[in-house]
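Listed below, chain by chain, are the residues.
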Amino acid sequence: MTQNHAEAVAGIIKEFAADRIRLMDIALAVQHRFGCIGDDAIHVIADQLGIHAVEVEDMVTFYAFLDREARGRNRIRLSNTPISLMKGAIEVARAFEDALNLKLGETSPDFEFTLEWTSDIGMADQEPAALINDMILTSLTPLDVPGIIAAIRGLEDKDCLPSFPPKAAHMALMPKAIMRPSLIQAGPLLFGAHDPAAGIQAALRMTPEKVIEEITASKLRGRGGAGFPTGMKWRLTQKSAGSEHYVLCNADEGEPGTFKDRMLLAEYPDLVFDGMTIAGYALGSHQGIVYLRGEYAYLWEPLQASLQTRRSQGLLGPHICGHPDFNFDIRIQLGAGAYICGEESALIESLEGKRGAPRDRPPFPTEHGYLQEPSAVDNVETYVCAARIMEKGAAWFTSCGTKQSTGTKLLSVSGDCARPGVYEVPFGITLNDLLDLCGAEDDTAYVQMSGPSGQAVAPKDFGRRIAYEDLSTGGSTMIFGPHRDVLDIALQFSNFFVDESCGWCTPCRVGTTLLKQGMEKIIHGRASLADISATEALANTVARMSRCGLGQTAPNPILTTMRNFPELYEARVAPEKFAPLVALDDALREAIEVQGREPVEV
Ligand SMILES: Cc1cc2nc3c(=O)[nH]c(=O)nc-3n(C[C@H](O)[C@H](O)[C@H](O)COP(=O)(O)O)c2cc1C
Ligand code: SF4
């Protein structure tokens, strides 16, 4: 590292007040400035933050969007989910390979381009899509690719590396950098005009306790998947002792197939910030943080602009809406490509500038969360619901939905249907109703509800109702037609969990890989009935013994397809007289010769 580089890294650290907690921002800024975080940068960061270099390296190596070694200045990432692959991602990838004379996973010798697969980028309704640095390109065809590469090569300042904070400036110059609005059907939550101050003003007319009572009366349950009662979470957080209370918004949205939070952040940011501000008042908090997944960096600028407007309107900052004692502001923290950071305790670790490894619980974040202070972590959609509840009242909210699942749910619908996008539906509608709405074919083979960590629902269950008490979902709804290979899709989802396991506990770290291998054996017709049973037993063990929600749900693609499509597994059972692909004696020949003794027949 030259003197200039060292000074530049030191300058970045100074921008963040040499604050250890802001290590993620420092790492992202260094990555964006130099294309990687090399050994020298690690040592400068460690020295200036007063921590060990191993701690910095440990953090940096955890995240997919941070590199230890230089890659291309233009990073082209294509998602390799079942949805993107069935929409033509492979053909688009081949076109990129041809245009760049590169193979997937490679970097060009001049370090201009890196081409690679990544997991879901939150665009399942507009696949094939690509992330090029911080730009998002949607609905691609192979024919678009030469124009895209020419446009990147022609960028005037040649510096297409994402800046930090990210700028959207280059998006306007790129073909296909157009995001189609994802909302297809609005319901009571999103329909009609919205006055940004209405919910906050209604809350400020009440005491914080009364606000929590109203949220409790609405029976709002968390929209991130687990369905925890929001009023109870807010009360637990408010009642916990601490020198500060934090309002955290989970905008990590890493579950393949989901994009409704991206839609809310892009199209309804005021409702999200209203909800967070109302939570801030209820919890006695002064600080809210949105944890925005790295894949959504292109939302950074518009979200910052929206925060700035709210400050100028007196909806953020000191004395909100003229209230003498209510001071609250929101900042945005970018993530760096790790699905596990959607798990609330891993999210908090990441917010504190560490690797995103889940914490042991208890204590829960409501007691010891961000900086060990009481913190409420809620999903983007949950905050939107809270804003509307304060504006229109708990009774308005409970008038929709079912007894145990009040209100509406935003569903991200993708796959084999005529109209993919976000649908706001009242809780209680059947899966059949949804399939009609989005134009799915009558012969739909199955629906993957709530993403890979959810369940594969077979046609016999399409009459089930979407509700916490029946088919519970965080929103991801992937539809697969009769020509799709159910087991191959289950294998792709199993691969996803292998890639995303944080590696902390053995059942998940080793178990996900063994499950993937088990599925491969089954799919290739090399498994006996006993092998299939063993895979099922292993899946149950991984689900039971893993430390956090990721490992506990990772076997679901296998377990739920085994339960609902046993005939597909049976059809792949190896013939009785199975001839192994590997000739054991040949495979061992070299070792036998080295050892100098022949194997003994038993
Ligand atoms: C592996 C994993 C990933 C998760 N990802 C998300 C996510 O992207 N967004 C989200 O809101 N919740 C996610 N969750 C759930 C959160 O841990 C937490 O329950 C949620 O943010 C609470 O908000 P809510 O009560 O509003 O649903 C995830 C959980 C696990 C185990
Ligand atoms: S279950 Fe998986 S993701 Fe969770 S702590 Fe264990 S290894 Fe990490």
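Residues numbered from 1 in each chain as written. Chains lettered and ligands numbered in written order. Predicted model: local features only at pLDDT ≥ 70, side-chain atom pairs only at ≥ 80, totals over all residues. Heavy atoms only, no water.

Draft legend 1. Main features of helix α14 (residues 344–351). Burial analysis of α14 places seven of its eight residues in the buried class, which makes it a mostly covered element. Here the buried face of α14 lies against α2 (23–34), β6 (246–251), β7 (287–292), β8 (329–334) and β9 (375–379). Remark: Gly353 follows α14 within two positions and exhibits a positive phi of approximately 80°. (Buried < 20%, exposed > 50% of the residue type's maximum accessible area, 1.4 Å probe, protein only. Helix = DSSP H or I, 4+ residues; strand = E, 2+ residues; numbered from the N terminus. Contact = heavy atoms within 4.5 Å.)

Draft legend 2. Representation of the layout of surface pockets within the structure. One number sums up the size of the second largest pocket: a volume of about 840 Å³. In terms of lining residues, the second largest pocket is bounded by 34 residues, among which Asn80, Thr118, Ser119, Asp499 and Glu500 are the most central. Where the lining of the second largest pocket is concerned, the elements lending two or more residues are β1 (74–79), α5 (82–86), β2 (113–118) and α18 (486–500). With six residues, α18 is the single largest residue contributor to the lining of the second largest pocket. (1 Å grid on protein atoms, 1.4 Å probe; cavity = no way out; pocket = protein on both sides within 12 Å on 5 of 7 lines; lining within 4 Å. Points joined across faces, edges and corners; volume = space filled by probe spheres on them.)

Draft legend 3. The sheet that holds β6, seen in detail. The strand order across the open sheet built from four strands is β8-β7-β6-β9, with neighbouring strands paired in parallel fashion. In this open sheet, the two strands that pair with only one neighbour each are β8 and β9. Each strand of the sheet is rotated relative to its neighbour by a mean of 20°, with strand direction disregarded. As paired elements, β7 and β8 share six bridges and run parallel to each other. Paired with Gly288 across the two strands is Ile330, which belongs to β8. Contacting β7 and β8, α2 runs over the sheet at an angle of about 50° to β8. Across the sheet, helix α15 (residues 380–392) touches β6 and β9, and the angle it forms with β9 is around 95°. (Pairing = 2+ DSSP bridges. Axes fitted to C-alpha atoms, helices over the stretch in contact; angles between N-to-C directions.)

Draft legend 4. Structural detail: the site of ligand 1. Around ligand 1 lies a shell of 18 residues, among which Gly224, Lys233, Glu253, Asn379 and Thr382 are the nearest. At a separation of 2.9 Å, an oxygen atom of ligand 1 approaches a polar side-chain atom of Asn250. With respect to ligand 1, the backbone of Glu253 contributes an N or O atom lying 2.9 Å from an oxygen atom. Among the elements of the structure, β9 and α21 (549–553) are those that each provide at least two residues to the shell around ligand 1. Here the element with the most residues in the shell around ligand 1 is β9; it accounts for three residues. Of the residues that constitute the shell around ligand 1, the class distribution is three nonpolar, eight polar and seven charged. (Near = heavy atom within 4 Å. Polar contact = N/O pair within 3.5 Å; in protein donor to acceptor, adjacent residues only side chain to side chain. Nonpolar A, V, L, I, M, F, W, Y, C, P; charged D, E, K, R; others polar.)

Draft legend 5. Structural view of the site of ligand 2. Taken together, 13 residues form the shell around ligand 2, and within it Cys502, Trp504, Cys505, Cys508 and Cys548 come nearest. Here ligand 2 occupies the second largest cavity. Across the shell around ligand 2, the residue classes break down as eight nonpolar, four polar and one charged. (Sits in = over half its atoms within 2 Å of the grid points.)

The values are spatial; any link to function lies outside them.
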